[in-house]
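Fold and contact review
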Amino acid sequence: MPVYEFFCRKCQKPFTEVMHVAEHEAGVAECPECHSKADVEKRLSTFTAVTSRKSAGL
Ligand SMILES: [Zn+2]
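To start, this report covers the structure provided alongside it. Being a predicted model, the structure only gives us computed values, none of them experimental.

**Here we look at the coordination of the zinc ion**
Around the zinc ion, the protein contributes the donor atoms C8 (SG), C11 (SG), C31 (SG) and C34 (SG), at 2.3 to 2.4 Å from the metal centre. If you look at the zinc ion, its four donor atoms make angles of 105 to 115° with each other, and the shape they trace is tetrahedral. Judged by relative accessible area, C8 falls into the buried class, the value being 0%. Given the relative accessible area of 24%, C11 is considered partly exposed.

Structure, rendered in structure tokens:
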């Protein structure tokens, strides 16, 4: 399963959660600090594929 990154605005802390794609589509993970989902937002994870290729040189 992929690892997703989240950020809790309440705690001002980022955290990662291993969750199913369907779970991630449905909503956010619970913050490990305050155990709330209300202030958690999704972050673009490093897992995301980079599609734009920079051609260096020439
Ligand atoms: Zn929190």
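Once you've had a look at it, read on.
**Section: the pattern of salt bridges**
In this structure the tally under the stated criterion is two salt bridges. With a closest N to O distance of 2.4 Å, R9 and E41 form a salt bridge. Remark: E41 occurs in strand β3 (residues 40-43) and R9 occurs in the loop between β1 (3-8) and β2 (13-18); sequence separation between them is 32 residues. Taking the shortest distance from any N to any O, the salt bridge between K13 and E33 comes out at 3.5 Å. Placement of the pair is K13 in strand β2 and E33 in the loop between α1 (21-26) and β3, with a sequence separation of 20 residues.

**Looking at the sheet that holds β2**
What links the strands of a sheet is backbone hydrogen bonding, and the strands pair in either a parallel or an antiparallel sense. Ordered by their spatial adjacency, three strands build an open sheet running β2-β1-β3, and the pairing between neighbours is antiparallel. Two strands lie at the open edges of the sheet, namely β2 and β3, each paired on one side alone. Between one strand axis and the next, the sheet turns by 35° as a mean value, whatever way the strands run. Relative to β2, β1 runs antiparallel, the two being bridged by six bridges. Bridge pairing links F6 to F15 in β2.

About the cut-offs
- Each residue is numbered by its place in its chain's sequence as written, counting from 1.
- Totals for whole chains, interfaces and linings use every residue, but because this is a predicted model, local features are given only for residues with pLDDT of at least 70 and side-chain atom pairs only at 80 or more, for both listing and counting.
- Heavy atoms from the whole structure form the basis of all side-chain values; hydrogens and water molecules are not counted.
- For Na, K and Ca the donor cut-off is 3.2 Å, while for other metals it is 2.8 Å, and in both cases only N, O and S atoms qualify; water is not among them, so sites may look incomplete.
- Donor angles set the geometry label: tetrahedral for four donors if every angle is between 85 and 135 degrees, square planar for four and octahedral for six if opposite donors exceed 155 degrees and the others are between 65 and 115, irregular for anything else.
- Between buried and exposed lies partly exposed: a residue is buried under 20% and exposed over 50% of the maximum accessible area for its type, with that area taken using a 1.4 Å probe on protein chains only.
- Salt bridge, as applied in this entry: a Lys or Arg side-chain nitrogen positioned within 4 Å of an Asp or Glu carboxyl oxygen.
- A run of H or I in DSSP becomes a helix once it reaches four residues, and a run of E becomes a strand once it reaches two; helices and strands are each numbered from the N terminus.
- In this description, strands pair whenever DSSP reports at least two bridges between them.
- Here an axis means a line fitted to C-alpha atoms, over the contact stretch when the element is a helix, while the angle between two N-to-C directions is reported on a 0 to 180 degree scale.

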